[in-house]
Amino acid sequence: MKVKGQCSLTGKFSLWEKIYAQSSFIAMGVIGTIGIILEDWIWVIPYMAICWYGIPGIVMRHLICPRCPHLHEYGDCLQAPPTISKWLVKKRKTAPLSAFEKFLFYLIFILIPTYPIYWLMSNPILLSAFLLTASMWYLGQFFYFCRRCRVKECPFNRATMTRIK
Ligand code: SF4
């Protein structure tokens, strides 16, 4: 049922939705990583921990995907092949995120688009590409995917917060 001002919750994701979400996120991470390595490689280690370990090893394994109806009820995933997401998630969770889990969630999603900028400043082309891909992912989440998302425990979820105008 479509109510004015409220998006229909999605179950499975279309191919273009997956291509958009996955390619913009991976591109953002790769450009950020390359930009840091080109300037001062030692500082890529924290970014590897934040982005390349933080997303699969913390956000997907422990925080959000264990609570995701798209994966557990519809067998689908927006950000990765469902087989990989199912392999990452050890057991389904229903309890809301704890204060520490929310802190980790925000820390990771704030540092991923901000941490590389200092090292990208000296490379305007890479900086522009990074800001473009980061904007694509975050704005895509905020204005499209999060308004249709069934993971009501996710701090980004805007499906439940969308008021009927
Ligand atoms: S769609 Fe669900 S399983 Fe896939 S990344 Fe998002 S929260 Fe995790």
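These figures come from a predicted structure and were not determined experimentally.

A. Geometry of the environment of Glu101. Of note, Glu101 is situated in helix α5 (residues 99-114). In this structure, the C-alpha to C-alpha distance between Glu101 and Phe142, residues 41 residues apart in sequence, is 20 Å.

B. Inspection of the site of the ligand at higher detail. All residues in the neighbourhood of the ligand are listed as Phe13, Ile64, Cys65, Cys68, Leu71, Cys77, Leu78 and Gln79. A class-by-class count of the residues in the shell around the ligand yields seven nonpolar, one polar and no charged.

C. Broad picture of α5. In this model α5 runs 22 Å from its N-terminal to its C-terminal C-alpha over 16 residues, within 8% of the 22 Å that 1.5 Å per residue would give. Along α5, the positions that sit buried rather than exposed are Glu101, Leu104, Phe105, Ile108, Phe109, Ile112 and Pro113. Projected down its long axis, α5 shows its buried positions confined to an angular sector of 140°, all on one face. In α5, the exposed residues that point more than 90 degrees away from the buried face are Ala99 and Phe100. Of the surrounding secondary structure, the elements contacted by the buried residues of α5 are α1 (15-40), α2 (44-63), α6 (117-120) and α7 (124-143).

D. Quick look at the packing of α2 against α5. α5 packs onto α2 with a crossing angle of 140° between their chain directions and a minimal axis gap of 10 Å. The angle between α2 and α5 falls in the class oblique. Judged by the twist between their axes, the crossing of α2 over α5 is left-handed. Only Glu101, Leu104, Phe105, Ile108, Phe109, Leu111 and Ile112 of α5 make contact with α2, whose side of the interface consists of Tyr47, Ile50, Cys51, Gly54, Ile55, Ile58, Val59, His62 and Leu63. Residue classes in the contact of α2 with α5 are distributed as 13 nonpolar, two polar and one charged.

Each value, and the rule that gives it
Residues numbered from 1 in each chain as written. Predicted model: local features only at pLDDT ≥ 70, side-chain atom pairs only at ≥ 80, totals over all residues. Heavy atoms only, no water. Helix = DSSP H or I, 4+ residues; strand = E, 2+ residues; numbered from the N terminus. Near = heavy atom within 4 Å. Nonpolar A, V, L, I, M, F, W, Y, C, P; charged D, E, K, R; others polar. Expected span 1.5 Å × (residues − 1). Buried < 20%, exposed > 50% of the residue type's maximum accessible area, 1.4 Å probe, protein only. Arc of directions from axis to C-beta. Contact = heavy atoms within 4.5 Å. Axes fitted to C-alpha atoms, helices over the stretch in contact; angles between N-to-C directions. Parallel < 35°, antiparallel > 145°, perpendicular 65-115°, else oblique. Left-handed = near helix turned anticlockwise from the far one by under 90°.

Don't take any of this as a statement about function, it's just geometry.
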